[in-house]
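Structural description and commentary
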Amino acid sequence: MTDEATQPLWYKNAIFYEVPVRSFYDSNGDGIGDFKGITEKLDYIKSIGIDCIWLLPFYDSPLKDDGYDIRDYYSILPEYGTLEDFDLFIQTAHRMGIRVIADLVLNHVSDQNKWFVEARSSTNNPKRDWFVWSDTPDKYKNVRIIFTDTEKSNWTLDPNSGQYYWHRFFSHQPDLNFDNPEVRLEMINVIRFWLKRGLDGFRCDAVPYLFEREGTSCENLPETHQYFKEIRKIIDQEFPGKILLAEANQWPEDAKKYFGEEDEFQMNFNFPLMPRIFISLAKEDAFYIENIISKTLPVPDSCSWGLFLRNHDELTLEMVSDEERDIMYSEYAKIPKMRLNLGIRRRLAPLVENDRSVLEFLYALLLSLPGTPIFYYGDEINMGDNIYLGDRDGVRTPMQWSFDRNAGFSRADPEQLFAPVIISSNFHFETYNVESQSRLPSSFLNWLRKLVVTRRRNVSVFGMGSIEFLHSENKEILTFLRIYDSSIVLCVFNLAKKPSYVTLDLRKYAGWHVRELISQVRFPDIGELPYFFTMQKNSFFWMELERRDESEQP
Ligand code: GLC
Ligand code: CA
């Protein structure tokens, strides 16, 4: 593995892949994915062109929130394997040139965590102050509830002591008290423990909520930023090149602050952009994307937005206007079971009715905008979902490897699987699996591999380049330049569900050549007249603009 310290900005040129160990591959036939399984499948991950894996929580847990409820921060859930299996996975990934980050859940623990078990045992237990207690449920009245479908309050009564404990998520996930220096220190121990074992960084869960202050929303408080700056300093000193990626689902102004002055998070999910990509598509209007990109840029040079279409949660609609939320529900969640909390619990392919042109459009857009693309496992084979499973489980079903029993995920009896494989008629695993899709040259998977290779050939302009929007009279077409040194790529996207066209004023580049980036096909040179593109429904172009060589005849 190359030395991270010598490539400090590696994440800006990378593509990430989000994987739950549980759902990926079961090596021992007990119906549950494990570390040995994912190690066996690294070749596949490499074959899509992935640079960094993001592992969902794999720590010891009662799994009431799929592992985001941690019982022991220093051990691995036995079903997933041993610490040695973990080490071997990391070593193998590194040998293949793949980095690995993992979830770090700071805000809260499982109510089965021994810290909380001790804390609730008596009001004078030394761990009592590790959590946030109150005699009444009336403190912090301004704070919103996140899991609105399950929780009525952020306080739950502990009958033993008659006091209430604070939790931003499920009531079985008590929040830690970050005002307590022991808590802050313990979490730094956790960070050191896993980074020493070889992780390349963390996706930090639920970052806005660490501290509480009366009279505020208890989100994005200065104390929270300060603590992450301390963590960053430790990482820079002791583990240079390792990264922090923030999950901060906030409005653009608040989200941007997590980059700090290049002294906080290197990466941060672009939550503001994600729903607006879908809104732009639904409304056939480039405004939503252009507007939000302008609001989320610029970011400091060493920082990068994490760009994503879907993840393991519901497609969150907390940070959009009521009008925007209505558009999303009416377009993408017509059946009530598709909704959860303030969001939509569906995978990418079902969301867009498995429309191949829309799927290509979306991935191409993800790979074109400024930031680091993050794929969600299974979406690259257009996996379906199961809205009849509870909570968010319908988008976390077993990865589909082949058209064998259990989609090749496990040799267990089908009844034994942690979740059933997808067998609905339009998304059956017999068609949507890695083996079948790999064999079919025209499959989405093979198309995506080609697209990723093309991006990799031009990685500086996509990873590091600036963005400049071009304006036309046609709001259905999103057009922008990505520019890095002398490399320029013109990106043109037709948001409309029907053919459309656009004329662009490219006189600034008169005389330049135009080359389609994937096929390398030459298009007419740019002249003084407006440059013209006709576009199929939901189609796109990546066009390289090349300065004419001095020696060429005009
Ligand atoms: C984050 C995770 C989500 C989890 C929640 C509580 O939002 O993405 O899956 O339920 O935190 O830990
Ligand atoms: Ca297993």
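Refer to the structure presented above.
Residues numbered from 1 in each chain as written. Chains lettered and ligands numbered in written order. Predicted model: local features only at pLDDT ≥ 70, side-chain atom pairs only at ≥ 80, totals over all residues. Heavy atoms only, no water.

**Things to note about the packing of aromatic side chains**
The way to describe two aromatic rings as a pair is by their centre distance and the angle between their planes. Inclusion rule: Stacked, edge-to-face and tilted are the three classes for Phe, Tyr and Trp ring pairs, Trp counted by its six-membered ring, which pair at centre distances within 6.5 Å; planes under 30 degrees apart are stacked, over 60 edge-to-face, the rest tilted. A run of H or I in DSSP becomes a helix once it reaches four residues, and a run of E becomes a strand once it reaches two; helices and strands are each numbered from the N terminus. Partly exposed residues are those whose accessible area sits between 20% and 50% of the maximum for their type, while under 20% is buried and over 50% is exposed, using a 1.4 Å probe and protein chains only. Only when the NZ of Lys or the CZ of Arg is both within 6 Å of the ring centre and within 35 degrees of the ring normal is a charge said to sit over the ring.
Counted under the stated rule, the structure contains 59 aromatic pairs. Note on Tyr 44 and Trp 401: the rings are 5.1 Å apart at their centroids and 85° apart in plane angle, and the pair reads as edge-to-face. Remark: Trp 401 occurs in the loop between β16 (372-376) and α14 (434-439) and Tyr 44 occurs in helix α3 (residues 42-47); sequence separation between them is 357 residues. For the pair Tyr 44 and Trp 401, a shared accessibility class is recorded, and that class is buried. Between the aromatic rings of Phe 269 and Phe 271, the centroid separation amounts to 5.9 Å while the plane-to-plane angle is 65°, which identifies the pairing as edge-to-face. By relative accessible area, which is 7% here, Phe 271 ends up buried. Through a chain of ring-to-ring contacts, the aromatic side chains of Phe 361, Tyr 363, Phe 375, Phe 444, Trp 447, Phe 462, Phe 469, Phe 480, Phe 493, Phe 540 and Trp 542 assemble into a single cluster. It is Lys 41 that lies over the ring of Tyr 25; its NZ or CZ is 4.5 Å from the centre. Its end group placed over the ring of Trp 401, Lys 41 keeps NZ or CZ at 4.3 Å from the ring centre.

**Concerning the pattern of salt bridges**
What counts is decided by this rule: When a carboxyl oxygen of Asp or Glu is within 4 Å of a side-chain nitrogen of Lys or Arg, the pair counts as a salt bridge.
For the coordinates displayed, the defined rule picks out 37 salt bridges. A salt bridge links Asp 313 to Arg 396, with the nearest nitrogen and oxygen atoms 3.2 Å apart. Taken as a pair, Asp 313 in the loop between β12 (304-308) and β13 (315-316) and Arg 396 in the loop between β16 and α14 lie far apart in primary sequence, 83 residues in all. In this structure, a network of salt bridges that share partners links the residues Asp 65, Asp 66, Asp 313, Asp 391, Arg 392 and Arg 396.

**Considering the coordination of the calcium ion (ligand 2)**
To be explicit about the condition: Each metal's donors are the N, O and S atoms within 2.8 Å of it, or within 3.2 Å when it is Na, K or Ca, and because water is not part of the set, sites may look incomplete.
Taken together, the protein donors to the calcium ion (ligand 2) comprise Asp 26 (OD), Asn 28 (OD1), Asp 30 (OD), Ile 32 (O) and Asp 34 (OD), at separations of 2.2 to 2.3 Å. Read from N- to C-terminus, the donor residues coordinating the calcium ion (ligand 2) fall into the pattern D-x1-N-x1-D-x1-I-x1-D. Using a relative accessible area of 4% as the deciding quantity, one classes Asp 34 as buried.

**As for the site of ligand 1**
Note the cut-off: Whether a residue is near a molecule or strand depends on its heavy atoms: if one lies within 4 Å, it is near. In protein, a polar contact means a hydrogen-donor-capable atom and an acceptor-capable atom, both N or O and within 3.5 Å, with residues adjacent in sequence counting only if both atoms are side-chain atoms; elsewhere, any N or O pair within 3.5 Å suffices. With residues, only the protein chains shown are counted as cover, and all accessible areas are computed by Shrake-Rupley using a 1.4 Å probe. Residues are grouped as follows: nonpolar covers Ala, Val, Leu, Ile, Met, Phe, Trp, Tyr, Cys and Pro; charged covers Asp, Glu, Lys and Arg; every other residue, Gly included, is treated as polar.
Surveying the vicinity of ligand 1 reveals 13 residues, the closest of which are Asp 65, His 108, Asp 205, Glu 247 and Asp 313. Here an oxygen atom of ligand 1 and a side-chain polar atom of Arg 203 are 3.1 Å apart. At 2.8 Å, a side-chain N or O of Asp 205 approaches an oxygen atom of ligand 1. Taking 310 Å² as the accessible area of ligand 1 by itself, protein coverage stands at 96%. The residue inventory of the shell around ligand 1, partitioned by class, reads three nonpolar, three polar and seven charged.

**Some thoughts on helix α13 (residues 356-368)**
Since one α-helical turn is 3.6 residues long, residues separated by three or four positions face the same way. Stated precisely, the cut-off is as follows: What a helix should span is 1.5 Å times the count of its residues minus one.
Between its terminal C-alpha atoms α13 stretches 18 Å, which fits the 18 Å expected from 13 residues at 1.5 Å a residue. Burial of α13 is extensive: eleven of the 13 residues sit out of reach of the surface. When α13 is considered as a whole, its buried residues turn out to be Val 358, Leu 359, Glu 360, Phe 361, Leu 362, Tyr 363, Ala 364, Leu 365, Leu 366, Leu 367 and Ser 368.

**A few points about the side chain of His 225**
What counts, and what does not: In what follows, residue pairs with any heavy atoms lying within 4.5 Å of each other are defined as contacts.
You can see His 225 is positioned in helix α7 (residues 222-238). Dropping the residues within four chain positions of it, His 225 is found in contact with Asn 220, Lys 257, Tyr 258 and Glu 264.

**Section: the side chain of His 513**
Structurally, His 513 can be placed in strand β21 (residues 513-516). Reaching out from His 513, the side chain makes a polar contact with the side chain of Arg 522 at a distance of 3.2 Å. With sequence-adjacent residues up to four places away left out, His 513 is seen in contact with Arg 522, Asp 525, Glu 544, Leu 545, Glu 546, Arg 548 and Glu 552.

**Some remarks on the environment of Gly 33**
Tracing the backbone through its elements, the reader meets Gly 33 in the loop between α1 (21-24) and α2 (35-40). When the C-alpha positions of Gly 33 and Leu 297 are compared, they lie 39 Å apart, and in sequence the two are 264 residues distant. Apart from the residues within four sequence positions on either side, Gly 33 is in contact with Val 21, Arg 22, Tyr 25, Asp 26, Glu 79, Tyr 80 and Phe 409.

**Some thoughts on the nonpolar core**
Filter applied, for reference: To form a nonpolar core, buried Ala, Val, Leu, Ile, Met, Phe, Trp, Tyr and Cys residues must be joined to one another through side-chain atoms within 4.5 Å.
Tyr 17, Tyr 44 and Phe 58 are the most contacted members of the largest nonpolar core, which has 164 residues in total. With nine residues, α13 is the single largest residue contributor to this core. What Tyr 44 contacts, discounting residues up to four positions off in sequence, is Tyr 17, Phe 24, Glu 380, Ile 381, Met 399, Trp 401, Val 434, Leu 445 and Arg 449. Core analysis: the second largest hydrophobic core is formed by 20 residues, Ile 483, Val 514, Phe 541 and Met 543 among them.

**What about the environment of Tyr 531?**
When you line up the elements, Tyr 531 lands in strand β23 (residues 531-535). Distance from Tyr 531 to Leu 504, taken between C-alpha atoms, is 5.0 Å for residues 27 residues apart in sequence. With sequence-adjacent residues up to four places away left out, Tyr 531 is seen in contact with Val 502, Thr 503, Leu 504, Leu 506, Val 514, Phe 523, Pro 524, Asp 525 and Ile 526. One polar contact links the side chain of Tyr 531 to the main-chain carbonyl oxygen of Pro 524, over a distance of 2.6 Å.

**Some remarks on the environment of Ile 90**
Residue position: Ile 90 is located in helix α4 (residues 83-95). Note on Ile 90: relative accessible area 3%, which makes it buried. C-alpha of Ile 90 to C-alpha of Leu 199: the two residues are 109 residues apart in sequence and 7.2 Å apart in space. Apart from the residues within four sequence positions on either side, Ile 90 is in contact with Val 100, Arg 197, Gly 198 and Leu 199.

**Remarks on unusual backbone geometry**
Cis geometry marks the peptide bond from Leu 297 to Pro 298, where omega comes out at -5°. With respect to the secondary-structure elements, Pro 298 resides in the loop between α10 (287-296) and β12. Located in the positive-phi region is Asp 66, a residue other than glycine, with phi close to 50°. The phi angle at Glu 353 is positive, at roughly 55°, despite the residue not being glycine. On the secondary structure map, Glu 353 appears in the loop between α12 (348-351) and α13.

**Describing the sheet that holds β12**
Stated precisely, the cut-off is as follows: Only strands that DSSP links by at least two bridges are regarded as paired with each other. Here, axes are lines fitted to C-alpha atoms. For helices the fit covers the stretch in contact, and angles between N-to-C directions go from 0 to 180 degrees.
The strand order β1-β2-β5-β9-β10-β11-β12-β16 describes a closed barrel built from eight strands, whose pairing is parallel. Averaged over all neighbouring strand pairs, the angle between strand axes comes to 25°, with direction disregarded. For strand β10 (residues 243-246) and strand β11 (residues 267-269), the ladder comprises two bridges, and the chain directions are parallel. Along β11, the bridge assignment pairs Ala 246 with Asn 268. Set on the sheet, α4 makes contact with β2 (52-55) and β5 (99-105); between it and β5 the angle comes to about 140°.

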